Amino acid sequence: MNAVGILPLDVAGWLVQFWIALGVAGLFLQRAPQLINNIVFPLSALTSLLLAATGLWALAMPTGVMVLPLGLPDLPFHLRLDSLSGFFLILLGAASLGVSLFSAGYFKTMAGSTLGLLCLEYHLFLIGMTLVLLADDAYMFMVAWETMALASYFLVTTDHAIPDIRKAGYLYLLIAHVGAIAILLSFGVMQGGNGIAAYTFDAMRAAQLDPFWSSAAFLLALFGFGAKAGVLPMHVWLPEAHPAAPSPVSALMSGVMLKTAIYGILRVTFDLLDTQLWWWGVLALGLGLLTAVFGVMFAAVQGDMKRLLAYSSIENIGLLLVGIGLTLIFHVYGKDALAALALTATLYHSLNHAMFKSLLFVGTGAILHATGERNMGRLGGLIRRMPWASGLMLVGVLAISGLPPLNGFVSEWLLLQAFLLSPGLPNSYINMLVPVAAAVIALAAALAAYVMVKFYGVIFLGQPREHALEHAHDAGIWERIGMGWLALACVLLGLAPVYVVGQLDHVSQMLLGAQLGNAAGNWIFLAPVDTERASYSPLYFMLAVLGVMLLTSVLVRRLYHGRVRRSDPWDCGFPAQTARMQDTAEGFGQPIRRIFEPFFKIERDVPSPFDTHPRYHGQSDDRLWYILYLPIKHLTEKFSSMAGLLQHGRIHLYLTYTFVTLIVLLVFV
Amino acid sequence: MMENYDLLLAILFQLAQLLLVVLLAPLLTGWVNQCQAWLQNRSGAGVLQPYRVLRKLFHKDAVIAHNASWLFRVTPYIVFGCMWLAAAIIPIIAVDLPFSQAADVIALVGVFALARVFISLAAMDIGTAFGSLGARREMLVSFLAEPALLMVLFTASMISHSTQLPSIVDTLAHHQFVLYPSLAFAALAFVIVLLAENARIPVDNPATHLELTMIHEAMILEYSARHLALIEWASSLKLFAYISIGIALFVPHGIIEVGNWAGLPLAIVLLLLKLMLAGAGLAVFEIVSAKLRIFRAPEFLGTAFLLAVLGLLIHFLLGA
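A.B. asks: Which parts of the structure should I look at to understand the overall build of chain A?
C.D. replies: Scanning chain A from terminus to terminus reveals 22 helices and five strands. The C-alpha atoms of chain A give 26 Å as radius of gyration, which agrees with the globular expectation for 669 residues (26 Å, within 12%). For chain A, the C-alpha atoms occupy an extent of roughly 100 × 70 × 60 Å along the three principal directions. Taken across its 669 residues, chain A has 55% of its residues classed as buried. The contacts in chain A between residues at least 6 apart in sequence include a share of 78% that link residues at least 24 apart.

This is the structure:
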């Protein structure tokens, strides 16, 4: 409490209202697109910054609640801002800050009603996500959840003139709603049949559910939120919707919206349900591992840069789910200090992923603007045309590959530490699962580096594969600022883990009643358990690498010389080398496709050696689509055609139906 | 006062090791090559040949392609810096090196990964067919080798309840006569990883430039003069670092505490002996084995990965 009596929740409310105003302003300003670009989006970014600050403020503050005079007669909207919501507000604010700044430059080519509508939908999307984090009753939550889903659906289908994009949007909407139904049912289970007032989260916290119903609620929530997050087998919408959406929207969807699903799982599992069972943790762990490996494997064989990033998001969601599973297991067995470590790793990774994935997605937007090309096989050599975009994206690529001293490494380090500390669980089967899980995580992380070398190498390095690329231009000033912020966040989150972990302790304290602390470490060493056990200092690390590099460079120049001569690359005596002889995205992914062949459904047209105009075509599809989704689709179509048999369009038949129904009802009722 | 003195001493040891590894690493490479020459009944160029090569390369003018970007030019320094650091934080003479606090075994694997990602990116920078071929193969080898290495290190971490290299070495060195079955599996896996990551036969062949077989050499084909010298030196350091890890994990006996002056000569002699033995063993292994086809390499490394996981599982089951 401070003297003025303003609480973080009040500020968050004002910021949401300001966002509404900005969205509506966008609608009215459609005749002045430069105002939308240069005023509305930067103001929106400022609001994001303030929202992140509010979240940071709320972390340490006592929980604030508020009841709005809106909503259903017996169930007004309840709002609540606690540490968990606060943390996710920081994530939302920090990521959308960069994305909104980028958008200020990105949507320049758009005009008129498209831009006005887009501005409104963009802000509705942000508002929806914010309210999901603030909702404190099931009704409010679902309203916010649907706002988020619908706004993002309209954003995905911005280019609705293209049939494929409409199709992608439809798939997204469908899976979002299947998930929403599961979430609604989960809330229904948790309120325990106690009337409409029991739909507040407070009533759910107080409700005592037996293990069966708790498990039902957990499974429904895992399914529902998993559908939003892209957990196997509900992942199919991600690789379709992300490439379809404009890049800043993909960035928000991948960076922030997927995290609202993680928020939902955490909220339901650790806050709303009062008992947890150990097998929930094993289930989450197993699903997470499958999702992670699946995602990264498919990312390695993609040729479209945004699809590649979408699959990489699936991988990261898998890692987050592994973290949640581990937290659950530790928590159930009463090892709350370890649970706090696993939870900290999960939250840290959420934040990291929000930063580097947003950065990479907006980066693909810059490339798309510069070249008009999403297919990596037609890009190349952009590091020389786009120095800003390539430099900033390199930071994102290194961060997502989990390399020290950037942020991806810190969360990976914490997660692996959690695995290493796991022996001593009373259940020996779980004990045996742990090393296998750690191995799978390590494998996924190493493959992620493969994927990212491919991503960066094929797009930015080498020679341009098309002549048009010679005219590619670098990102504009707003775009640079937006990407610059996200890259800076990746660096800062990597270099200051001690501070971040300290802030995350508020969340662990709230959810688990235990905190990780940094008992053994100090401001420069991160040592979650004890210095003898493990410690890491990114700052020293970076200084040492930089120091050694500088020393070497100076010494080499001092002792010898720094002379450089430019020449043609070595051609092995074959001067007719062209840019087309470099590895394409397809080629770079070939070893992975070959090793993991059984997992892909591969279609290839390999031309014969005697073909004068050879054309190669290769496609690696998801088997799950054929095994799981198509049968469901066929079944649905069958049922609807059976229902269609009843319809003939003749009035007397319909009158007969009515008559028969009436008779039947009279007989039975 | 005493504490300050200890810290100063530790920093001194750290700097000494930093200097020692960077000077000694080419000698190890020279020794391995010399052993191979003897085994092939050649007289060989002598153990000092790598130094001569480095000197020659540093004197030459660097030739780089017209379209080389900044990434291509900084990579040798990054790779060299990473490898130097990696070799310097592994306790081989004395434990409790101060810099080990900043980077534990997971970070050590991270350093190797950082260097690898940069060199692969640099290989793709010029845009010749060879560069991307090398980068792709390098990443192919490493995506299996890296988790295997991590699992090997985890096995040792589990035994010593720590991911700090000094603690690990301390624990393992003071259980002199206990043979850990889990570590036996880990050692096998580690040998495979060492061969793969250092571009040795049977995964890669450092002596040829045949496009069907080469991995590491294909990546650095565009480098010359001081850039090439730094990369070659970094390769020596990498081999040195890997052999050091092997020594620290599997034969840590004789490693002393910082400040134990009386034990220092013996520790140094023991280290040199272990390095010579390891180098000779590597040479023998390379001579008697044949290069694998590139698509057999994943199977070979998959074996290492499985062995390492098995070692970890055995530790979980037997507690040893």
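A.B. asks: How do you make sense of the overall build of chain B when you look at a structure like this?
C.D. replies: When helices and strands are tallied, chain B shows 11 helices and one strand. Seen in sequence order, chain B has helices and strands lined up from the N terminus as α-α-β-α-α-α-α-α-α-α-α-α. For a compact globule of 320 residues, the expected C-alpha radius of gyration is about 20 Å, and chain B comes in at 19 Å, within 12% of that figure. The principal-axis extents of the C-alpha atoms in chain B amount to approximately 55 × 45 × 40 Å.

A.B. asks: I'm lost on helix 11 (residues 278-300) of chain A in this one. Help?
C.D. replies: Residues spaced three or four apart along an α-helix point in a common direction, a consequence of the helix completing one turn every 3.6 residues. The first and last C-alpha atoms of helix 11 of chain A sit 34 Å apart over 23 residues, in line with the 33 Å expected at 1.5 Å per residue. Taking burial as the measure, the 23 residues of helix 11 of chain A include 17 buried ones, the bulk of the element.

A.B. asks: Any chance you could explain the confidence of the model for chain B here in plain terms?
C.D. replies: Detailed reading of the predicted model is not advised wherever pLDDT is low. When the pLDDT values of chain B are averaged, the result is 87; 96% of them are 70 or greater. Across the interface, the model reports ipTM at 0.93; the global pTM reads 0.93.

A.B. asks: I'm lost on the nonpolar core in this one. Help?
C.D. replies: Looking at soluble globular proteins, one finds that nonpolar side chains tend to be buried together. In this structure, Ala148(B) and Ala308(B) are the most contacted members of the largest nonpolar core, which totals 362 residues. When residues of this core are assigned to their parent elements, the largest contribution, 23 residues, is made by helix 16 (residues 428-460) of chain A. Both of domain 1 (1-204) and domain 2 (349-556) of chain A provide at least three residues apiece to this core. Ignoring sequence-local partners within four residues, the contact set of Ala308(B) consists of Ala148(B), Met151(B), Val152(B), Thr155(B), Phe185(B), Ala186(B) and Ala189(B).

A.B. asks: Even after reading the chapter, I still don't get the interface of chain A and chain B, so can you show me in this structure?
C.D. replies: It is common to report an interface's size as the accessible area lost on association of the parts. Across the contact, 66 residues belong to chain A and 68 residues belong to chain B. Here the side of chain A that touches chain B is built from residues that sort into 42 nonpolar, 15 polar and nine charged.

A.B. asks: Looking at this model, I keep getting lost on the domain arrangement of chain A. Mind explaining?
C.D. replies: Residues and elements named next belong to chain A. For chain A, the domain assignment lists domain 1 (1-204), domain 2 (349-556) and domain 3 (594-602 + 619-669). Computed from C-alpha coordinates alone, the two centres of domain 1 and domain 2 are separated by 27 Å. Each side of the interface is counted separately: domain 1 has 17 residues, and domain 2 has 24 residues. Of all the secondary-structure elements, those providing two or more residues to the side of domain 1 that touches domain 2 are helix 2 (33-60) and helix 3 (83-106). If one sorts the elements of the side of domain 1 that touches domain 2 by residue count, helix 3 sits on top with 14 residues. Here the residues of the side of domain 1 that touches domain 2 sort into 13 nonpolar, three polar and one charged.

A.B. asks: Looking at this structure, how should I read unusual backbone geometry?
C.D. replies: Backbone torsion omega between Leu232(A) and Pro233(A) reads -5°, so that peptide bond is classified as cis. Relative to the helices and strands, Pro233(A) resides in the loop between helix 8 (211-229) and helix 9 (238-244). Cis geometry marks the peptide bond from Pro404(A) to Pro405(A); its omega dihedral reads 0°. As for its position among the elements, Pro405(A) is in the loop between helix 14 (387-400) and helix 15 (407-420). Even without being a glycine, Ala199(B) presents a positive backbone phi close to 55°. Position of Ala199(B) among the secondary structure elements: in the loop between helix 7 (181-197) and helix 8 (216-219). For Ala199(B), a count of 20 C-beta atoms within 10 Å translates into the label buried. For Ala225(B), which is not glycine, the phi torsion reads 50° and is therefore positive. Looking at the element boundaries, Ala225(B) is found in helix 9 (residues 225-250).

A.B. asks: Even after reading the chapter, I still don't get the environment of Ala337(A), so can you show me in this structure?
C.D. replies: All names here are of chain A. Topologically, Ala-337 is positioned in helix 13 (residues 336-371). Here Ala-337 falls in the partly exposed class, since 17 other C-beta atoms lie within 10 Å of it. As for Ala-337 and Ala-475, which are separated by 138 residues in sequence, their C-alpha atoms are 46 Å apart.

A.B. asks: How do you make sense of the packing of helix 13 of chain A against helix 17 (residues 477-495) of chain A when you look at a structure like this?
C.D. replies: Between two packed helices, both the angle of their axes relative to each other and the distance between the axes serve to describe the pair. Residues and elements named next belong to chain A. Across the interface, helix 13 lies against helix 17 with an axial gap of 9 Å and an inter-helix angle of 150°. The pairing of helix 13 with helix 17 is recorded here as roughly antiparallel in orientation. Relative to helix 17, helix 13 is oriented so that their crossing is left-handed. Contacts from Leu-351, Asn-352, Met-355, Phe-356, Ser-358, Leu-359, Val-362, Gly-363 and Ala-366 in helix 13 reach Glu-479, Gly-482, Met-483, Leu-486, Ala-487, Ala-489, Cys-490 and Leu-493 in helix 17. Tallied by class, the residues present in the contact of helix 13 with helix 17 amount to 12 nonpolar, four polar and one charged.

A.B. asks: Looking at this structure, I do not really get the environment of Ile201(B). What am I missing?
C.D. replies: Residues and elements named next belong to chain B. Relative to the helices and strands, Ile-201 is located in the loop between helix 7 and helix 8. Looking at Ile-201, the number of C-beta atoms within 10 Å reads 21, which means it is buried. Along the primary structure Ile-201 and Glu-286 are separated by 85 residues, whereas in three dimensions their C-alpha atoms are 5.5 Å apart. When residues no more than four places from it in sequence are discounted, the contact partners of Ile-201 are Glu-286, Ser-289 and Lys-291.

A.B. asks: Help me understand the pairing of strand 1 (residues 64-71) of chain A in this model?
C.D. replies: Two faces make up the sheet, and in a regular strand the side chains alternate between them. Residue and element names in this part refer to chain A. Bridge analysis of strand 1 against strand 2 (residues 76-81) gives five bridges, and the strand direction is antiparallel. Within the sheet, the bridge partner assigned to Val-67 lies in strand 2 and is His-78. Connecting strand 1 to the next strand, strand 2, in antiparallel fashion are four residues.

A.B. asks: Would you mind showing me how to read helix 22 (residues 651-668) of chain A here?
C.D. replies: Its 18 residues place the ends of helix 22 of chain A 26 Å apart at the C-alpha level, agreeing with the 26 Å of an ideal helix rising 1.5 Å per residue. Counted residue by residue, helix 22 of chain A has zero buried out of 18 residues, so it is predominantly exposed.

A.B. asks: What exactly am I supposed to notice about the environment of Leu79(A) here?
C.D. replies: All names here are of chain A. Inspection of the secondary structure assignment puts Leu-79 in strand 2. Classification of Leu-79 by C-beta neighbours within 10 Å gives buried; the count is 21. Between the C-alpha atom of Leu-79 and that of Met-549, which follows or precedes it by 470 residues, the distance is 52 Å.

A.B. asks: Any chance you could explain the packing of helix 14 of chain A against helix 17 of chain A here in plain terms?
C.D. replies: All names here are of chain A. The N-to-C vectors of helix 14 and helix 17 enclose an angle of 30°; their axes lie 9 Å apart at closest approach. Taken together, the axes of helix 14 and helix 17 lie roughly parallel to each other. Like other packed secondary-structure pairs, helix 14 and helix 17 cross with a definite hand, here left-handed. Residue-level inspection shows Trp-388, Ala-389, Leu-392, Val-395, Gly-396 and Ala-399 of helix 14 in contact with helix 17, the latter providing Arg-480, Met-483, Gly-484, Ala-487, Cys-490, Val-491 and Gly-494.

What counts as what
- Residues numbered from 1 in each chain as written.
- Chains lettered and ligands numbered in written order.
- Predicted model: local features only at pLDDT ≥ 70, side-chain atom pairs only at ≥ 80, totals over all residues.
- Helix = DSSP H or I, 4+ residues; strand = E, 2+ residues; numbered from the N terminus.
- Rg over C-alpha atoms; globule rule 2.2 N^0.38 Å.
- Buried ≥ 20, exposed ≤ 12 C-beta atoms within 10 Å, placed from the backbone.
- Contact = placed C-beta atoms within 7 Å.
- Expected span 1.5 Å × (residues − 1).
- pLDDT = per-residue confidence, 0-100.
- Core = buried A, V, L, I, M, F, W, Y, C linked by C-beta atoms within 7 Å.
- Domains from an automatic or database assignment.
- Nonpolar A, V, L, I, M, F, W, Y, C, P; charged D, E, K, R; others polar.
- Axes fitted to C-alpha atoms, helices over the stretch in contact; angles between N-to-C directions.
- Parallel < 35°, antiparallel > 145°, perpendicular 65-115°, else oblique.
- Left-handed = near helix turned anticlockwise from the far one by under 90°.
- Pairing = 2+ DSSP bridges.

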